[in-house]
Amino acid sequence: MLLLTCPNCGLAVEETELAPGGEAHLKRFGPDSTADQFEEYLFLRDNAKGVHFERWRHAYGCGKWFLAARNTATLEVYGTYSAQTTEPPQHIRDEIARRTDR
Amino acid sequence: MRRFSAFAIAREAMRNHEGWGRTWAKRPPAKRYDVIIVGAGGHGLATAYYLGKNFGITNVGILEKGWLGGGNTGRNTTIIRSNYLQDPSAALYEKARSLYETLSQELNYNVMFSPRGVIMLAQTHHEVRGYKRTAQANALQGVATEWIGPERVKELCPIMNIEGPRYPVLGGLYQARGGTARHDAVAWGYARACTDMGMDIIQRCEVTGIDRDGGRVTGVQTTQGPIGCDKLGIVVAGHSGVLAKMAGFRLPLESVALQALVSEPIKPCMDVVVMANTVHGYMSQSDKGEMVIGGGTDGYNNYTQRGSFHHIEETLRALVETFPMISRLKMLRQWGGIVDVTGDRSPILSKTPVEGIYVNCGWGTGGFKAIPGSGYGMAELLAKGHSPLTAAFGMERFREGRFIDESVAAGVAH
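Just so we're clear, the structure is a prediction, and the values are computed from it rather than from any experiment.

Now for the overall build of chain B. For chain B, the count of helices and strands is 12 helices and 18 strands. Rg of the C-alpha trace for chain B: 21 Å, near the compact-globule value of 22 Å for 414 residues, within the 12% margin. Viewed in the frame of its principal axes, chain B has a C-alpha envelope of about 65 × 65 × 40 Å. Counting the 414 residues in chain B, one finds 53% classified as buried. Of the contacts formed within chain B by residues at least 6 apart in sequence, a portion of 75% connects residues at least 24 apart.

What follows is the structure, given as structure tokens:
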């Protein structure tokens with residue numbers, strides 16, 4: 001069972017309390033963007049085997065969105081952070097570097 | 001290859017069964033092949049088989065990271081059906097189903113195809129409307145399915161409780177010539193036929209890089225050294241994204257875990273396959289007597305071939321109302337596989353931005369049923385550059401908004 005800490009309410013909860021929301025930090029291009037850019041935003045995914053940044057919603061709790069850094073090959077969780085970010089914050093990147101550099 | 005026949009059994013019985021030989025040959029990889037197929041699962045082996053049989057291309061190497069048929073081919077619930085809503089899907093899956101009918105004879109290898117019938121239960125009024133529509137569509141597509149009422153469902157599967165109360169059975173979409181087959185035998189049978197045509201099947205050979213010369217593929221780097229090729233078919237299911245990254249493009253896929261479980265073996269009590277999409281569960285009884293039960297996928301990306309306990313609970317909890325007898329069954333084994341899911345829940349059989357590289361992926365939660373048709377179409381695509389079976393399944397359909405939307409039609413259990 002995957003356990004994640006919701007950064008909004010601070011609770012460490014099981015995955016049954018959460019709703020997964022797919023890859024994080026997707027960039028949506030504005031008006032006049034090309035079909036390729038729209039395809040990229042809507043459909044193309046890194047689908048990384050390894051470190052993966054993703055969206056979650058604390059559906060059966062505070063109801064708010066947050067982001068998580070997780071390893072899809074080992075199921076390690078590197079940490080969770082606010083959804084109001086456009087890229088992973090420094091402390092998450094440090095944690096990933098520390099734990100993947102063995 | 002020694003052909004299997006009644007005469008061969010009698011002959012081998014006289015000499016202690018020592019003359020059968022290997023089912024497929026073990027050979028080291030050659031320096032180059034006309035076509036390299038990455039992935040020796042059902043789809044990869046079927047692709048190689050039809051390349052040889054239909055197009056005479058036999059200088060083919062099939063590379064497999066693990067062991068033959070050890071990925072999703074060995075992990076699925078072996079259901080075969082073709083009751084899809086959209087025309088391109090119905091054509092592809094019906095081609096596969098019809099090839100399954102005579103596959104044992106064609107391969108001279110018993111794949112134990114058992115057309116025992118598949119019922120997709122309608123347990124909500126929404127499903128009733130959806131399946132009636134599918135039955136009409138199938139009639140136009142030439143796929144033999146019918147809408148049946150709850151009494152007929154009960155007649156076909158007496159162990160079922162159709163009364164509810166939470167999810168009463170309101171009817172079902174019945175495909176009498178759907179059923180199951182022995183999944184390992186499908187892979188082994190194709191592998192045997194490929195070896196017989198002189199193809200090389202190289203196990204424990206992981207592709208670690210893809211060589212390109214400009215925009216064209218020239219070969220692959222593997223754990224057993226570099227191998228050259230003219231054309232490369234990537235048929236690796238859950239790891240398609242990883243291979244695509246090596247080749248320098250992205251795919252509209254996400255890899256998630258799908259799991260299944262089997263009960264202890266019991267006496268025969270159910271001779272149809274039943275799918276209950278409302279509750280995300282499906283069940284059939286294997287020839288050994290085990291109840292084979294499949295559930296829904298995890299919602300998050302995952303490459304570990306494991307399941308999770310709460311999904312087992314969810315699946316069984318949902319099925320117990322419809323199949324009260326399973327509440328007394330002990331579950332024996334549970335396992336997971338990594339499936340590659342596309343946005344419209346239809347597969348991708350396509351050219352790629354790199355010339356010479358073709359992908360066959362995105363089968364998601366329902367690839368086993370399609371193996372012969374997928375191989376048939378993919379072989380034509382590799383040999384001729386286009387195929388009427390695969391034309392609608394190109395990866396550019398996402399950019400063009402030309403979806404083959406089965407996510408609504410087929411739901412999760414696929």
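Once the structure has been displayed, the description carries forward.
Take the overall build of chain A next. Within chain A one finds two helices and six strands. For chain A, the succession of helices and strands along the chain, N to C, is β-β-β-α-β-β-β-α. Once the C-alpha set of chain A is aligned to its principal axes, its extents read approximately 40 × 35 × 25 Å. Counting the 102 residues in chain A, one finds 22% classified as buried.

As a further point, take the packing of helix α2 (residues 42-55) of chain B against helix α7 (residues 183-196) of chain B. Residue and element names in this part refer to chain B. One can describe the packing of α2 onto α7 by two numbers: an axis separation of 9 Å at closest approach and a directional angle of 35°. Where α2 crosses over α7, the two elements pack in a sense that is left-handed. Residues Gly-42, Leu-45, Ala-46, Ala-48, Tyr-49 and Gly-52 of α2 form the contact with α7, whose own contacting residues are Val-186, Ala-187, Tyr-190, Ala-191, Ala-193 and Cys-194. Class assignment of the residues belonging to the contact of α2 with α7 gives a composition of 10 nonpolar, two polar and no charged.

With 19 residues of chain B at the interface, the matching set in chain A holds 16 residues. Taken together, the elements giving at least two residues each to the side of chain B that touches chain A come down to α8 (240-247), β12 (253-265), β15 (290-301), α9 (309-322) and α11 (397-400) of chain B.

With that settled, consider the sheet that holds strand β5 (residues 65-71) of chain A. All names here are of chain A. The strand order across the open sheet formed by four strands is β3-β4-β5-β6, and the pairing between neighbours is antiparallel. This sheet does not close on itself; its edge strands, each paired only once, are β3 (19-23) and β6 (77-82). This sheet shows a mean twist of 30° between the axes of neighbouring strands, independent of strand direction. Pairing of β5 with β6 involves five bridges; the strand directions are antiparallel. Residue pairing for β6: Ala-69 is matched across the bridge by Gly-79.

On to the domain arrangement of chain B. Residue and element names in this part refer to chain B. By the assigned domains, chain B splits into domain 1 (25-79 + 183-252 + 344-410) and domain 2 (112-179 + 254-342). Placing a centre on the C-alpha atoms of domain 1 and another on those of domain 2 gives a separation of 28 Å. Broken down by class, the residue content of the side of domain 1 that touches domain 2 amounts to seven nonpolar, 10 polar and three charged.

Attention now goes to the nonpolar core. Burial of nonpolar side chains together is a common tendency in soluble globular proteins. Ranked by size, the top nonpolar core spans 120 residues in total, and within it Ile-36, Leu-45, Ile-62, Tyr-190, Ala-191, Cys-194 and Val-274 of chain B carry the most contacts. Summarising the domain contributions, this core has at least three residues from each of domain 1 (25-79 + 183-252 + 344-410) and domain 2 (112-179 + 254-342) of chain B. Counting 13 residues, the second largest nonpolar core, distinct from the first, contains Cys-6, Phe-53, Phe-66 and Leu-67 of chain A.

The next subject is the sheet that holds strand β16 (residues 331-342) of chain B. Residues and elements named next belong to chain B. With mixed pairing, eight strands are arranged side by side in an open sheet as β5-β6-β4-β13-β14-β15-β12-β16. Looking at the sheet topology across the chains shown, the edges are occupied by β5 (146-148) and β16. Taking the axes of each pair of neighbouring strands and ignoring which way they run, one obtains an average angle of 25° across the sheet. Along the sheet, α9 makes contact with β12, β13 (273-276), β14 (281-285), β15 and β16, crossing β15 at roughly 130°.

Further remarks concern helix α3 (residues 87-101) of chain B. Residues and elements named next belong to chain B. Under the 1.5 Å per step criterion, the end-to-end length of α3 is 21 Å for 15 residues, consistent within 8% with the ideal 21 Å. Within the span of α3, buried status applies to Ser-89, Ala-90, Ala-91, Leu-92, Tyr-93, Glu-94, Ala-96, Arg-97 and Tyr-100. Where α3 is buried, its residues contact β3 (79-80), α4 (103-107), α5 (125-141) and α10 (371-384).

Relative to the helices and strands, Thr-72 of chain A is located in the loop between β5 and β6. The class for Thr-72 of chain A is buried, based on 23 C-beta atoms found within 10 Å. Apart from residues lying up to four places away in sequence, Thr-72 of chain A is in contact with Ala-48, Lys-49, Gly-50 and His-52 of chain A together with Asn-301, Asn-302 and Tyr-303 of chain B.

Residue and element names in this part refer to chain B. As a packed pair, α3 and α10 sit with axes 6 Å apart at the nearest point and diverge in direction by 110°. Between α3 and α10, the angle is such that the two are roughly perpendicular. As for how α3 packs across α10, the hand of that crossing is right-handed. Where α3 approaches α10, its residues Leu-92, Tyr-93, Lys-95, Ala-96, Leu-99 and Tyr-100 are matched on the opposing element by Ile-371, Pro-372, Gly-373, Ser-374, Tyr-376 and Gly-377.

Moving on, we come to unusual backbone geometry. Residue and element names in this part refer to chain B. A cis amide bond, omega 15°, links Gly-164 with the succeeding residue Pro-165. Here Pro-165 is to be found in the loop between α6 (150-156) and β6 (171-175). With a phi close to 55°, His-17 is a non-glycine residue in the positive phi region. Residue position: His-17 is located in the loop between α1 (6-13) and β1 (32-38).

Conventions used here
Residues numbered from 1 in each chain as written. Chains lettered and ligands numbered in written order. Predicted model: local features only at pLDDT ≥ 70, side-chain atom pairs only at ≥ 80, totals over all residues. Helix = DSSP H or I, 4+ residues; strand = E, 2+ residues; numbered from the N terminus. Rg over C-alpha atoms; globule rule 2.2 N^0.38 Å. Buried ≥ 20, exposed ≤ 12 C-beta atoms within 10 Å, placed from the backbone. Contact = placed C-beta atoms within 7 Å. Axes fitted to C-alpha atoms, helices over the stretch in contact; angles between N-to-C directions. Left-handed = near helix turned anticlockwise from the far one by under 90°. Nonpolar A, V, L, I, M, F, W, Y, C, P; charged D, E, K, R; others polar. Pairing = 2+ DSSP bridges. Domains from an automatic or database assignment. Core = buried A, V, L, I, M, F, W, Y, C linked by C-beta atoms within 7 Å. Expected span 1.5 Å × (residues − 1). Parallel < 35°, antiparallel > 145°, perpendicular 65-115°, else oblique.

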